[in-house]
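# Examining the three-dimensional arrangement
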Amino acid sequence: MPNFSLPDHVVKQAVQSFPTPFHLYSEAGIRARARKLNQAFSWCDDYEEYFAVKALPNPSILRILKEEGCGVDCSSETELMLAEALGFEGRDIMFSANAMPDDEFTHARRLGAYVNLDDITHIDILKKHGGIPETVCCRYNPGGDFRIGTFVMGNPGEAKYGFTPEQFLEGLLQLRQLGTKRFGIHAFLSSNTLDNAYYPTLAGILMRTACDMAEKTGLDIAFINLSGGIGIPYQPTQTEPDVLQIGEQVRKVYTSIFGDHGPALKTELGRWMTGPEGWLITHATHHKDTYRHYIGLDACAVNLMRPAMYGAYHHITVVDKEDQPHDHIYDVTGSLCENNDKFAVERPLPEIHDGDICVIHDTGAHGYAMGYNYNGRLRSAEILLTENGDFRMIRRAETPQDYFATLDIDPCAEKLGLKV
Ligand SMILES: *Cc1c(COP(=O)(O)O)cnc(C)c1O
């Protein structure tokens, strides 16, 4: 099995210190991934990974990534605030726009971030809110299908992101007129992709497009931004993309187009960086036998939305029972009044009893971060397993006080135990 490697004794230790449910993250694992990625692109001058903050927006994690030389990819005011508070500055911040409030451009410009425009109308907004910088990144959308060989890997034509090729040229001409000297080109054409050919194929498209645009506008290419999209093996039958091989394949495409010296490369991986280094630790609290066999956990979709939202597979293991036959077929559910609140559907698992510890794997990216408060359920704590084996709470669990904090509830505040 690829990466379902958290030892049971570590889970049991963590459960002694913290009430379930909680997300547990491995510092050593996250550092190792950042180092491997940096190694994969070490051939490229001025390469930088801008970790997609939305995947795991916890300052303790961002600080670790900063120590490993990563920047951050932000796309909201609060993500910019996090970046600023942690001391990311200027060129270590990418601001990816997308139907954002105008003043977020001002904020990004004040921090000296790279601004990645999503649309031709953003040029005018940026002009009025923060001003047009010397280097601007624009998001490219080639339309149609995105194929690797003959295989359709994505449908950019149906995606809300980016400039069409015609708008891209028009946009660069406008930017040049407004004083831009250098540009970055960005595209995100396929999500959670296990195929090692994704980045090299995307790199080829972006590099050729950038050369073509540079020729037509006279602008320099500052960087190619390959964005996110490298996937992780959520299922035991899948295999981890080989980032070192991906880096080497991108190098081949790069040298065939630019030779030894060319623009910088940037990436904005989220999922690949932290996804497999996080686990949602839960207890089985209920079992129920009706038309199916159900196991109820003390976690629910509020703690991990991907299965409910996308029908996504997340591997589940039961502590101390992995060697037992997986001869029970369970739906593993949460407590929401919502039938899609299931972490697994008809999944073969060992026999589960109330009180067993169930580990839901690959929750380190787009896990806690997508949490919400439906049914008045509260978000969990986040715990860091540090490099020296200690556990550190890096976010406490929400309390009812947090849940009620934004309400105008004067009349009943006292009964809810809140300060007015
Ligand atoms: C979400 C996002 C990413 C990260 O995507 P992953 O699938 O987590 O790799 C990178 N860049 C942008 C602009 C994004 O919106």
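Residues numbered from 1 in each chain as written. Predicted model: local features only at pLDDT ≥ 70, side-chain atom pairs only at ≥ 80, totals over all residues. Heavy atoms only, no water.

### Some points on the domain arrangement of the chain
The domain boundaries assigned to the chain delineate domain 1 (27-275) and domain 2 (276-407). Computed from C-alpha coordinates alone, the two centres of domain 1 and domain 2 are separated by 32 Å. Listed per partner, the contact involves 25 residues of domain 1 and 22 residues of domain 2. Looking at the side of domain 1 facing domain 2, the largest losses of area belong to E27, Y234 and G275, adding up to 31% of the total buried there. Between R33 and E277 there is a salt bridge, with the nearest N and O atoms lying 2.9 Å from each other. Between the two partners, domain 1 and domain 2, sit 12 residue pairs in polar contact (both at pLDDT 80 or more). For the side of domain 1 that touches domain 2, the secondary structure elements donating two or more residues are α2 (27-40), α3 (59-67) and α10 (271-274). Per-element accounting of the side of domain 1 that touches domain 2 gives the leading share, 6 residues, to α2. (Domains from an automatic or database assignment. Contact = heavy atoms within 4.5 Å. Buried area = accessible area lost by both parts, 1.4 Å probe. Salt bridge = Lys/Arg side-chain N within 4 Å of Asp/Glu carboxyl O. Polar contact = N/O pair within 3.5 Å; in protein donor to acceptor, adjacent residues only side chain to side chain. Helix = DSSP H or I, 4+ residues; strand = E, 2+ residues; numbered from the N terminus.)

### A few points about the pattern of salt bridges
Side chains that differ in charge, positive against negative, can pair when their charged atoms come close. Counted according to the given criterion, the structure contains 20 salt bridges. Across the salt bridge formed by K128 and D124, the nearest N and O atoms sit 2.8 Å from each other. Taken together, the positions of K128 and D124, both in helix α6 (residues 122-128) and 4 residues apart, correspond to about one turn of that helix. Taking the relative accessible area as the measure of exposure, K128 reaches 59% and is therefore exposed. Take D124: its relative accessible area is 35%, and that puts it in the partly exposed class. Here E248 and R251 are joined by a salt bridge, their closest N and O atoms 2.8 Å apart. Here E248 pairs with R251, and both are found in helix α9 (residues 243-258), just 3 residues apart, close to one helical turn. Salt bridges here are not isolated pairs; linked through shared partners, they connect E27, R31, R35, E67, E68 and E387. (Buried < 20%, exposed > 50% of the residue type's maximum accessible area, 1.4 Å probe, protein only.)

### Observations concerning the environment of G231
In this structure, G231 sits in the loop between β10 (220-225) and α9. Each C-alpha atom of the pair G231 and L194 lies 5.0 Å from the other, and the pair is 37 residues apart in sequence. The residues contacting G231, other than those within four sequence positions of it, are N192, T193, L194, P241, R271 and W272.

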